[in-house]
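# Structure at a glance
Listed here are the chains, written in short residue letters.
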Amino acid sequence: MILAISFINTVSYTQEIKPNPSKDKLVKLIDTLNVKLKDSINLPIIDSITKPKELLESIIDHSADSLVRQDIKNNKIILFDNAHIHYKDIDLTAGYIEINNNTNEVWARGIKDTLGNYTQLPVFKQGAEESTQDTISFNFKSEKAKIWGLRTEQDGVIIRGEVTKKENDSTIYIQNIKFTTSDKEKPDYYISTKKAKIVPNKKLVIGLSNLVIQDVPTPLFLPFAYIPLTKGNVSGFIMPTWGDTAQQGYFLQNGGYYFAINDFVDLAVLGDVYTNGSWGLRTESSYAVRYRFNGNFSFRYENLKNSIRGFDDFSKTTNYNLRWSHSQDAKASPNSRFSASVNLGSSTYYRESLNEYNTNSFLNNTLSSSISYYKKFVGTPFNLSISATHSQNTNTKSITMSLPSLQVNMDRIYPFASKSGAKNNAIQKLAVNYSLKGDNKINTTDEFFFKKEMFETAKSGIQHNATFNTNMKVLKYFTLSPNANYKEVWYFDRISKTYNTTENIVVSDTINKFSSFREYSAGVSLSTTIYGMFNFNKGRLQAIRHVMRPSITYGYRPDFSSFFEEVQQSEDENDLIEYSPFTNGVYGGPSSGLSNSLGFSLNNTFEAKVMPKDSTEVEPEKVTLINNLNFSTSYNMAADSLKWSPVRMTAGTDLFKKKLKLNINATLDPYAITADGKKINTFNINNGGSLFRLTSAGLTMNYSLASSKSEGKQDAKQQNAQANNSDGIFGEDLNNSNDLSSKKSSKSKTTKTAKLYNATFPWTLKLAYSLNYSNSNRQNEISSNSLMLSGDIELTPKWKVGASSGYDIKNKGFSYTQLRFSRDLDSWKLNFNWVPFGNRQTYYFFLGVKSSMLSDLKYDKRKVPDRRLF
């Protein structure tokens, strides 16, 4: 300020300023009278002293509950009790913090409470990294740190170290370190090593290490280890499991390599080797694109040898299995959908495979697949569906496929409805439906599967269907529903039969020629609903309601024998027989004979109103007594004999608060049979018998019991898992410890605490009983009679025992039986599954660490079923 004022005064009394030779410029004379003086207050202040660069790039925020003291003499800040400082991305909390502004260092430690316990340990956070320690010294400028008593976690691995040094690039060096996944103060186990280097989110390098269990060193040592700590899926080797069999010798199973291709797809290539030369190969892949689709794919191939080459019992076989599951997110495309569920392969795969433990697939004798695409044409009533299906019977080795199947559907339209959409009369309620279906079906066996021979017997055709229906009220309480149907079938070949006079036989030939036939029919139904109420004045039972829904239907279909042809079947020219040229067609041939029938059905439900036991409740509860009690039969007026069809009866109910599901079915035939079991046109009651003859009957019961602690609502995943395993009645799958699919499905973590007193034993029990009776030909026998059960009990919160079994009462033998034992060892787990007898006799023992980071720290042993190959 003073310099500026002095300069202005000097200019005021100067009449001429000479040019400055250094700048080589000419300065004009300035009239001092015309110079306007400027207020020096408005001039910018120029500080000639250069400010030094700040040592800290951000402000340090600090706080404490009990004490915040500034030591001006030593340039320090002391924080006490719940002390907290924040600098850039660094956050530190502790009981005691000391900030030295001279050295830019922070020193933090815990404090002792009134009981003498060491509390409020320093918690250091930098970005996503967090650690707890006894004492820490940190430099804000260099970002170096020294830590005593470190406790931190890296990808599920808890790291404890005595002395730790942190470099400015976040590299950490630790002495006397312990690695564990146990979060206890005294861990169940740990890996002890003298030196280690950690690069967060990258790698962990350790030297000589020793496994310690319950503070007891084991003879298990590791000279060095390199553990990647990258986030997300990482490629790497998969350690195999080992064991032996009586026929294949020693083996290594499920070893291979995992490829983390990208965030959307991965791939695992696994293999099995046996000392007798058998081997297997398996590939598994999962893929997912958020909000679009997800799925998984697996292919398994096994080349198995039984015994040793040169021995009499030596045999060799190959098996394969292909599985693919694909689902599309509903939000991806509301008007189109693609899905796939494929399970195909050798019919003997699930019975002969040495590395397949899918219990439900082993007990089921059917493999099925479906790949479909659906498209809705917006603005029109039409939609398109293209699919490929596969059905395979593993007992008969027969395979049926549709490659492909095309279906075009037209939604129901009302051509005579008013413009407002109201439908007030039968004409306006007239609805029209149309569908087109095209199929190319293949019937083959395992021998010709995926070979050119399987296409030689392919059958194809196109079917059109059109339906017309409406409804109207009759006599106020009845509903009359007329309907008409039209069907037209197109084929691209037909059968032609001729009589061979030389060999005296009928010869069939397939002619590639377009052919078609058409059918039509009409009918009408009359239905109503009748309500009956039975009131009670005493007791808790207030009333019983009976709902009856009787229905009478009439159907008429002409005789379409005009599409049939005749062929001579003997030397007599007049000895002719009719045949249908469409017999081998996909949709069969036209119907022969006139159909003029009446159908009768009666559906019943029974409900009760019961007052609750709680006297404060005033509203009665509705209880279902019988869910359904249905009867149906028909009468064909055009038939020359046996006009009545058998009466079919079905009934179902739920008992004991819907814990017991009971279903009954029966078939009652009104006609009598001869001694050799042939039905005759005489009513059974007129033949000295009862009104109806019981020809077949069935009974199924499913009972689920559980302790009060086990009863609870299940989420959708649990319900789906049970649905795919027949409610768990057949037992659980014996998955491998390194099975990728089992790891993905078991990520949920629950913690259980054992109680010493007032112990409870949660348990579940599922029972399934099935009984079938047959008497169609006077055999009067129980065709099947079996009981199956499955249950689990928690002996302690960490001990669980389960069993699944069944008994065939007719054949007097036990069905597939499985015993399960599991023990939660906190950071470890123990599983033992045992199938004690049968052709699937095996066991699997596993003891290992729960954490996926140390999943190779395990011991497992499997006994492969000794299966003979046929």
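On a predicted model such as this, the values are computed, not experimentally measured, just so you know. (Residues numbered from 1 in each chain as written. Predicted model: local features only at pLDDT ≥ 70, side-chain atom pairs only at ≥ 80, totals over all residues. Heavy atoms only, no water.)

### So, the overall build of the protein chain
- Per the secondary structure count, the protein chain includes five helices and 55 strands.
- Taking the contacts inside the protein chain whose residues are at least 6 apart along the sequence as the reference set, 49% of them involve residues at least 24 apart.
- For the protein chain, the accessible area works out to roughly 53,000 Å², and carbon and sulfur atoms hold 56% of it. (Helix = DSSP H or I, 4+ residues; strand = E, 2+ residues; numbered from the N terminus. Contact = heavy atoms within 4.5 Å. Areas by Shrake-Rupley, 256 points an atom, 1.4 Å probe, with all protein chains shown as cover.)

### Quick notes on a negative patch on the surface
- A surface patch of like charges, here negative, comprises Asp614, Glu617, Glu619 and Glu621.
- Within the secondary structure, glutamate 621 sits in strand β42 (residues 621–636).
- Take glutamate 621: its relative accessible area is 43%, and that puts it in the partly exposed class. (Patch = residues over 30% accessible without salt bridge, like charges linked within 9 Å, V, L, I, M, F, W, Y side chains within 5 Å. Salt bridge = Lys/Arg side-chain N within 4 Å of Asp/Glu carboxyl O. Lys, Arg positive; Asp, Glu negative; His and termini not counted. Charge placed at Lys NZ, Arg CZ, Asp CG, Glu CD. Buried < 20%, exposed > 50% of the residue type's maximum accessible area, 1.4 Å probe, protein only.)

### Some details on the nonpolar core
- Grouped together as the largest cluster of nonpolar side chains are 38 residues, with contacts concentrated most on Ile85, Leu92, Ile97 and Phe179.
- Apart from residues no more than four positions distant in its own chain, leucine 92 is found in contact with Ala83, His84, Ile85, Ile97, Val106, Ala108, Pro122, Val123, Phe124 and Ile136. (Core = buried A, V, L, I, M, F, W, Y, C linked by side-chain atoms within 4.5 Å.)

### Notes on a nonpolar patch on the surface
- Taken together, the side chains of Trp242, Leu252, Val273, Trp279, Leu281 and Tyr859 present a nonpolar region at the surface, about 570 Å² in accessible area.
- Relative to the elements of secondary structure, tryptophan 279 occurs in strand β23 (residues 279–289).
- Judged by relative accessible area, which is 37%, tryptophan 279 ranks as partly exposed.

### Some thoughts on the environment of lysine 178
- Note on placement: lysine 178 falls in strand β13 (residues 172–180).
- A relative accessible area of 34% places lysine 178 in the partly exposed class.
- Placed 13 residues apart in sequence, lysine 178 and isoleucine 191 show a C-alpha to C-alpha distance of 5.5 Å.

### A word on the packing of aromatic side chains
- This model, assessed by the stated rule, comprises 28 aromatic pairs.
- With centroids separated by 6.3 Å and ring planes inclined at 55°, the aromatic side chains of phenylalanine 492 and phenylalanine 514 adopt a geometry described as tilted. Of the two residues, phenylalanine 492 is situated in the loop between β33 (478–491) and β34 (494–500) and phenylalanine 514 in the loop between β35 (505–511) and β36 (515–527); the sequence distance between them amounts to 22 residues.
- Taking NZ or CZ as reference, arginine 109 lies 4.4 Å from the ring centre of tyrosine 96, over its face.
- Across from the ring centre of tyrosine 414, 4.5 Å away, lies the NZ or CZ of lysine 423, which sits over that ring. (Phe/Tyr/Trp six-rings, centres within 6.5 Å; stacked < 30°, edge-to-face > 60°. Lys NZ or Arg CZ within 6 Å of the ring centre and 35° of its normal.)

### Focus: the pairing of β13
- Both strand β12 (residues 157–166) and β13 contribute to a ladder of eight bridges, which runs antiparallel. Residue lysine 166 lies in a different strand from β13, and its bridge partner there is isoleucine 172.
- Where β13 lies against strand β14 (residues 189–199), seven bridges are found, and the strand directions are antiparallel. Bridging from a neighbouring strand, phenylalanine 179 pairs with isoleucine 191 of β14. (Pairing = 2+ DSSP bridges.)

### A few points about the environment of serine 704
- Here serine 704 shows up in strand β47 (residues 693–706).
- Separated by 60 residues in the primary sequence, serine 704 and threonine 764 place their C-alpha atoms 7.5 Å from one another.
- Leaving out residues up to four positions away in the same chain, serine 704 has contacts with Lys659, Leu765 and Lys766.

### Some thoughts on the pairing of strand β4 (residues 90–100)
- Across the 11 residues that make up β4, a large majority, 10, are buried.
- The turn linking strand β3 (residues 76–87) back onto β4 is made up of two residues, and lysine 88 within it adopts a positive phi angle of 55°.
- For β4 and strand β8 (residues 123–126), the ladder comprises four bridges, and the chain directions are antiparallel. Pairing of threonine 93 across the sheet is with valine 123, part of β8.

### A word on the environment of leucine 854
- Looking at the secondary structure, you find leucine 854 in the loop between β54 (842–849) and β55 (858–863).
- Separated by 673 residues in the primary sequence, leucine 854 and threonine 181 have C-alpha atoms spaced 8.2 Å apart.
- Those residues in contact with leucine 854, other than ones at most four positions away along the chain, are Thr181, Tyr189 and Val849.

### Examining the pattern of salt bridges
- Counted by the stated rule, this structure contains 19 salt bridges.
- The closest approach of N and O atoms between glutamate 284 and arginine 300, which form a salt bridge, is 3.5 Å. You can see glutamate 284 sitting in strand β23 and its partner arginine 300 sitting in strand β24 (residues 293–306), a full 16 residues away along the chain. With respect to class, glutamate 284 is no different from arginine 300; both count as buried.
- The salt bridge partner of arginine 518 is glutamate 488, with a shortest N-O separation of 3.5 Å. Residue arginine 518 is found in strand β36, and its partner glutamate 488 is found in strand β33; the two are separated by 30 residues along the sequence.
- Within the structure, one salt-bridge network assembled from shared partners comprises Lys184, Asp188, Lys798 and Asp826.

### Focus on the confidence of the model for the protein chain
- With 86% of its residues at a pLDDT of 70 or more, the protein chain shows a mean pLDDT of 82.
- This stretch, residues 51–55, has a pLDDT under 50; its non-local contacts, to residues over four places away or in other chains, come to two contacts. (pLDDT = per-residue confidence, 0-100.)

### Examining the side chain of histidine 546
- Relative to the helices and strands, histidine 546 is located in strand β38 (residues 541–557).
- Exposure remark for histidine 546: the relative accessible area of 14% places this residue in the buried category.
- At a separation of 2.9 Å, a polar atom in the side chain of histidine 546 contacts the side chain of asparagine 604.
- In this structure histidine 546 touches Ile530, Tyr531, Gly532, Phe534, Asn604, Thr605 and Phe606, once residues within four positions along its chain are discounted. (Polar contact = N/O pair within 3.5 Å; in protein donor to acceptor, adjacent residues only side chain to side chain.)

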